[in-house]
Amino acid sequence: MTRISNAAWLFPCMLTNILQNAIAMDVVLMGNSYTARNSLDQMLQAMMQENGRGNVFSYTMGGATLAYHQYALEGLLIDQIPPVRQMLVKGQDNLDVVVLQDQSLVPGLARHEELFQDSIEAAKIIDRYIEARGAEAMFFMTWGRRDGFSARSDVYPTFLDMQSRLVEGYGEYAKAIS
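Anyway, here's the lowdown on the structure attached to this text.

Basis of the calculations
- Residues numbered from 1 in each chain as written.
- Predicted model: local features only at pLDDT ≥ 70, side-chain atom pairs only at ≥ 80, totals over all residues.
- Heavy atoms only, no water.
- Phe/Tyr/Trp six-rings, centres within 6.5 Å; stacked < 30°, edge-to-face > 60°.
- Helix = DSSP H or I, 4+ residues; strand = E, 2+ residues; numbered from the N terminus.
- Buried < 20%, exposed > 50% of the residue type's maximum accessible area, 1.4 Å probe, protein only.
- Axes fitted to C-alpha atoms, helices over the stretch in contact; angles between N-to-C directions.
- Parallel < 35°, antiparallel > 145°, perpendicular 65-115°, else oblique.
- Left-handed = near helix turned anticlockwise from the far one by under 90°.
- Contact = heavy atoms within 4.5 Å.
- Nonpolar A, V, L, I, M, F, W, Y, C, P; charged D, E, K, R; others polar.
- Expected span 1.5 Å × (residues − 1).
- Salt bridge = Lys/Arg side-chain N within 4 Å of Asp/Glu carboxyl O.

**Topic: the packing of aromatic side chains**
Here's step 1: Applying the stated criterion across every chain, the model contains six aromatic pairs.
Here's step 2: Both rings, one in Phe-139 and one in Tyr-170, keep their centres 5.9 Å apart while their planes meet at 65 degrees; by these two values the pair is edge-to-face. Of this pair, Phe-139 sits in strand E4 (residues 136-139) while Tyr-170 sits in helix H7 (residues 159-177), and the two are 31 residues apart along the sequence. Side by side, Phe-139 and Tyr-170 carry an identical accessibility label, which is buried.
Here's step 3: Judged by centre distance (6.2 Å) and plane angle (55 degrees), the rings of Phe-140 and Trp-143 are tilted.
Here's step 4: Accessibility expressed as a relative area gives 16% for Phe-140, which makes it buried.
Here's step 5: Among the residues examined, Trp-143 registers a relative accessible area of 40% and is labelled partly exposed.
Here's step 6: Each residue in the set Phe-116, Phe-139, Tyr-170 and Tyr-173 is aromatic and connected to the rest through ring pairs, giving one cluster.

And the structure:
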């Protein structure tokens, strides 16, 4: 399978391709509240059903990092067995694409910070599960906050600074799994 090198920016392109070409795809959304808000999974499912094809499965949790999703796949969350583990580990469903989204601040952190390093490693591990299923990983990039993030104004003083750092971080994630 050919790996997609610009995975951080391909989720919107995938949606366009599905809608224009009536491509049947089974998609898993793994993310946080940014992924869950506004019923993204339901909107995507409705668009796919208009073409009579495809399914969308969603596994999200507010504040979830890629490391959290890695732990879920590895069965390390003792309070639950998430459905996504059944899909990616046990192989009970056909999958085409798994869309990953990290916690909204982590991708823009300094590359040496532990949370960023944890996410890079988690992306690699999650991608191995995805590849084993013959599916493709894509990233759904979070977006900067209008006024930056005052609790980390050293990193995110403005929207533009925050957005620029997020773009760079998701680019690093994509390189890590390419």
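So that's the structure; there's more coming.
**Some thoughts on the packing of helix H4 (residues 66-73) against helix H6 (residues 114-132)**
Here's step 1: At a minimum axis distance of 8 Å, the contact between H4 and H6 shows a crossing angle of 40 degrees. If you check the angle between H4 and H6, you find them oblique. Of the two elements, H4 crosses H6, and the hand of that crossing is left-handed. Of the residues in H6, those touching H4 at Leu-66, Ala-67, His-69, Gln-70 and Leu-73 are Asp-118, Ser-119, Ala-122, Ala-123, Ile-125, Ile-126 and Tyr-129.
Here's step 2: Among the residues forming the contact of H4 with H6, the class breakdown is eight nonpolar, three polar and one charged.

**Notes on H7**
Here's step 1: End to end, H7 covers 27 Å across 19 residues, agreeing with the expected 27 Å (1.5 Å per residue, within 8%).
Here's step 2: Buried residues in H7 make contact with H4, H6 and E4.

**As for the pattern of salt bridges**
Here's step 1: According to the stated counting rule, one finds five salt bridges in the structure shown.
Here's step 2: The closest approach of N and O atoms between Arg-152 and Glu-113, which form a salt bridge, is 3.3 Å. With a gap of 39 residues between them, Arg-152 in the loop between E4 and H7 and Glu-113 in the loop between strand E3 (97-100) and H6 connect regions that are remote in the sequence.
Here's step 3: Between Arg-152 and Asp-154 there is a salt bridge whose closest N-O contact spans 3.2 Å.
Here's step 4: One network of salt bridges, with partners in common, ties together Glu-113, Arg-152 and Asp-154.

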